[in-house]
Every structure is written in C-alpha cells, then in structure tokens.
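Structural description and commentary
Okay, here's what each chain looks like letter by letter:
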Amino acid sequence: MPTPRYIMIVDDNPANLKLLEDMLLQQGYEARSFLLGSMAMAAAIKHPPCLFLLDINMPEMNGYDLCERLKSIYQLSEIPVIFLSASSGIEDKIKAFRSGAVDYISKPFQFEEVHARVEAHLKLHDLQRALQRQNEQLETAVAVRTIELSRAIEQLRVLDRSKSDFLSLISHEFRTPLNGLLGAGEILIEELPPTGVAAGIRGLYERSRRRILSILDDAVLLAEIDVSGNSFKSGPVLLTLALNRAIESASEFAKDRSVTIPPLAPDRSLVIADQNLLVRALRGILETAVKFAQRGSSLQLSLDLVGDSRRVIVETHGLEIAGPALSKFFEIFAIGEAITVDGGDLGLAAPVAYRIMSLFGGSVSVANRDHPPGVRLTIMLKDATSQHLEGTVHVNLRSDRWPPERSKRRGTNTRQG
C-alpha cells in the first residue's frame, strides 16, 4: 500500500484542528495538528509534510510570519502552503500570497472545497518535483554527453591533424624519388627520335606528370582545409583578373584536348576570397569543364551580379553527365569514375574547388545543358564591389602564376613567391 500523504495543520482553535484532522484522516491522509507556529516549525524540520494548512490569526506567531519562516528553510521552502482564515479581505489574501502561500480558503469552509484544493496542489507539487527531477536528469545527461562529445571532437581533431601530417609527409616523401624518376624520364624522352610515336609518348608522359603532381597538391590542400580551414584569410579580389590567370594556367591542359578558353574583358568586380586559392579553384573548375567539352569546341564564360553575389557560369558543348554521377560530382570518393569525354575520371579538381569556394561563403554547382548538350558549372561568390566603390581600390593579387612554374631543372616542381 502507498504511504499516506502527510499534511500538517496549524490553528489556535482546537475545534478547527479536530475537524480538519478527522476529515483528512477519513480521506486517507496522515494529518498532524499544532496550536502554535513554533511547535509546527520544529516538527516540520524533523519530519517535513507534503502540505501545510495554516490559520492566520494565531498567538506568538501569526500565519504570515510562519509561512515566511517556512519558506526561508531550504528543506521546507518548496512545500505548498494553503491559508485557512476568517479574514476574507483582499489585502489579507494579497499578503498571504506575498508571504509564499499557493492558495487561500475563507472560513467557514466546506470540506469538499478544502479537499479539492489540497488534492490539486499536491498533484501540482508532484508534477513540479517530477519536472525538476527530469530537468536534473537531463542536465546530467547533457553534461555527460557534452564531455563525451568534447572528447570525440578532440579525437577527431587529432585524427585530422594526423591525416594532414600523414598526407604532407607522403607528399614530401613521394616528391623526392618522384623528382628523380621524372627527371630520368625527361632525359630518356629527349633521346627519342622525332617520330609520331615519340610525340605520343611525350604527351602521355607530360599528362601523367601533371596528374601525379596535381593529385599530391590537391590531397594536401584538402587535408589542410579540413583541419585548419579557419586559418585561411579572405579579402577583396578582382574577379576577372583571377579568372584570366586561371584561364592562363588551364590553357595548356585545354590545348592538349583541343579546347579553347576565351579570356574575359577586365572590370572592377570584386569578390571575397583568398586570391591564390581562388585562382586555384577557378583553374580546377575550368579544367573540369574542359574534360566534358567536345574537341575543337570552346568554353563559354559569363559573369553577372545576382543579389549580393557574383555569378560565374562556365558552359561546355559536348558530353552530359549521367544522373548518378551528377549527384556526387563534388564528392572526393567519386574521382575514379570514368565519366569524361575521353573516358577519364574527374580527379580531385572539382572537390578541391568545392571546398575552396565554401571557405569564402561561396558555392559551385553542376548541371546538364539541353540545347546544345553539355555541362554548366555555376560559381557563386560574395560580392565586395559595393564596399570599395569610393576611393582607390588596392588589391594585392600577386603576379606569380598558379600553378607555379616548374624549375628549369629536370624533374622538379617549385612554388614561386
């Protein structure tokens, strides 16, 4: 059987005490009554009740004072207090509530009303305690989960740093023997007689060399962006200047595939970016577009302002992208799928460009064209032109090319600047 709810009654009238105590006992409550407030408070500290029923006009300590003292004791402060009083003035009721009471019943009272209000406040108090316990449990669970997440995040940071360090190490260790291998390859190729077969071998060698070095650079940059993307600084960059340098960097790649990339007329459009990373991302987008362009065709480039962003559209005439490949075009692990015009794969240029654009709050997307068939790559970058309309614009877009030109020594690849 459940333990009876314990209610404490304080009234200087023994007849009222007897009446309330008997009625509460009949309803299954445990009831204890006291004539003096000091005695009730001492008993409550030893054995706290579930609810107090207090009279107001009592000797030694009136109901208001007793209620305030009960609320000042930590273990009794949350226990509901209901006043029972013959005083029915509005001021008396206001004073009762200000002292900490939850309800006020005027005498003479009907026990049904007393019972209903006692039940209501006991249930409300139970709900408040249950909610408090639930909140405490939630706070504990959140604290534990926060600690677990902090540890997991730290572990991920360690893993990311390890991945970046590993890729940097692999890149460095690969380059040392690779430089020797590429240098020896160039020497051997130069010794070949000037025939069509030799020209094909030279072309294959050059494409393979560029691809290997590009993959190493892209892999290291991807890891660096994942680990310390916040360290890249951005500022206003002349968009057409960056585009034309990207076009110049991608021209050799396009020429090998008989694709033309027309230069753009310079203007004063500014975007928010890191200048070198932007050139690298744009070059990657252009080279990706070239892979889908029909031989003998030309890429179509256009610029416009959309809201607070500068939009660059690169369109090709040639192959469309199949639906499954289109949905994962910028995923790193989709680089090996053969979807380009010559049956080759995408490489890391598209994922790298996607990550770089995201660093500046920009984006890049891909879609198929219908008329004529081809691919459309759309770049969105935050416009900075309006912030620099007045006065002279100073943009420090360095004059070194991207990618850096190779050293004249055979088999080396050095960065300028």
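Further up the page is the structure itself.
Quantities reported herein were computed from a predicted structural model and do not represent experimental measurements.

**Some words on the overall build of the protein chain**
Regarding its fold elements, the protein chain presents 10 helices and 11 strands. Within the protein chain, buried positions represent 40% of all 417 residues. When the accessible surface of the protein chain is totalled, it reaches about 23100 Å², and 55% of it is carbon and sulfur.

**Regarding the packing of aromatic side chains**
Given two aromatic rings, one states the distance between the centres and the angle between the planes to describe the pair. Evaluated as defined, the whole model comprises five aromatic pairs. A ring pair is formed by Y64 and F83, whose centres lie 5.7 Å apart and whose planes are at 65°; its orientation type is edge-to-face. With Y64 in helix α3 (residues 63-72) and F83 in strand β4 (residues 81-85), this residue pair connects regions lying 19 residues apart in the sequence. Judged on exposure class, the residue Y64 and its partner F83 are both buried. A centroid spacing of 5.1 Å and a plane angle of 75° characterise the contact between F329 and F330, whose relative ring orientation is edge-to-face. You can call F329 buried: its relative accessible area is 2%. The buried category is assigned to F330, whose relative accessible area is 16%.

**What about the pattern of salt bridges?**
Per the counting criterion, the structure on display carries 12 salt bridges. With a closest N to O distance of 3.0 Å, D126 and R5 form a salt bridge. You can see D126 sitting in helix α5 (residues 111-190) and its partner R5 sitting in the segment before β1 (6-10), a full 121 residues away along the chain. Since its relative accessible area comes to 27%, R5 is described here as partly exposed. Overlapping salt bridges bring together D11, D55 and K107 as one network.

**Details of the environment of D304**
Tracing the backbone through its elements, the reader meets D304 in strand β8 (residues 300-306). Those residues in contact with D304, other than ones at most four positions away along the chain, are S309, R310 and R311. A polar contact is formed between the side chain of D304 and the side chain of R311, at a distance of 2.6 Å.

**A word on the side chain of D274**
The topology assignment puts D274 in the loop between β7 (270-273) and α8 (275-291). Of note is the side chain of D274, whose polar atom sits 3.3 Å from the backbone nitrogen of N276. Residues within four places of D274 in sequence aside, it is in contact with K233, S234, V237 and F360.

**Let's talk about unusual backbone geometry**
Looking along the chain, the bond that leaves K107 and enters P108 is cis, with omega of -5°. Note on placement: P108 falls in the loop between β5 (103-106) and α5. That bond from H371 to P372 is cis: its omega, -10°, falls within 30 degrees of zero. Residue placement: P372 occurs in the loop between β10 (363-369) and β11 (374-382).

**Overview of α8**
For α8, spanning 17 residues, the distance from its first C-alpha to its last is 25 Å, which sits close to the expected 24 Å at 1.5 Å a residue. By the criterion of burial, α8 is predominantly enclosed, with 17 of the 17 residues buried. Its side-chain oxygen 3.3 Å from the backbone nitrogen of N276, D274 forms the N-cap of α8.

Definitions and limits used
- Residues numbered from 1 in each chain as written.
- Predicted model: local features only at pLDDT ≥ 70, side-chain atom pairs only at ≥ 80, totals over all residues.
- Heavy atoms only, no water.
- Helix = DSSP H or I, 4+ residues; strand = E, 2+ residues; numbered from the N terminus.
- Buried < 20%, exposed > 50% of the residue type's maximum accessible area, 1.4 Å probe, protein only.
- Areas by Shrake-Rupley, 256 points an atom, 1.4 Å probe, with all protein chains shown as cover.
- Phe/Tyr/Trp six-rings, centres within 6.5 Å; stacked < 30°, edge-to-face > 60°.
- Salt bridge = Lys/Arg side-chain N within 4 Å of Asp/Glu carboxyl O.
- Contact = heavy atoms within 4.5 Å.
- Polar contact = N/O pair within 3.5 Å; in protein donor to acceptor, adjacent residues only side chain to side chain.
- Expected span 1.5 Å × (residues − 1).

Read these as layout, nothing more, since geometry by itself doesn't imply function.
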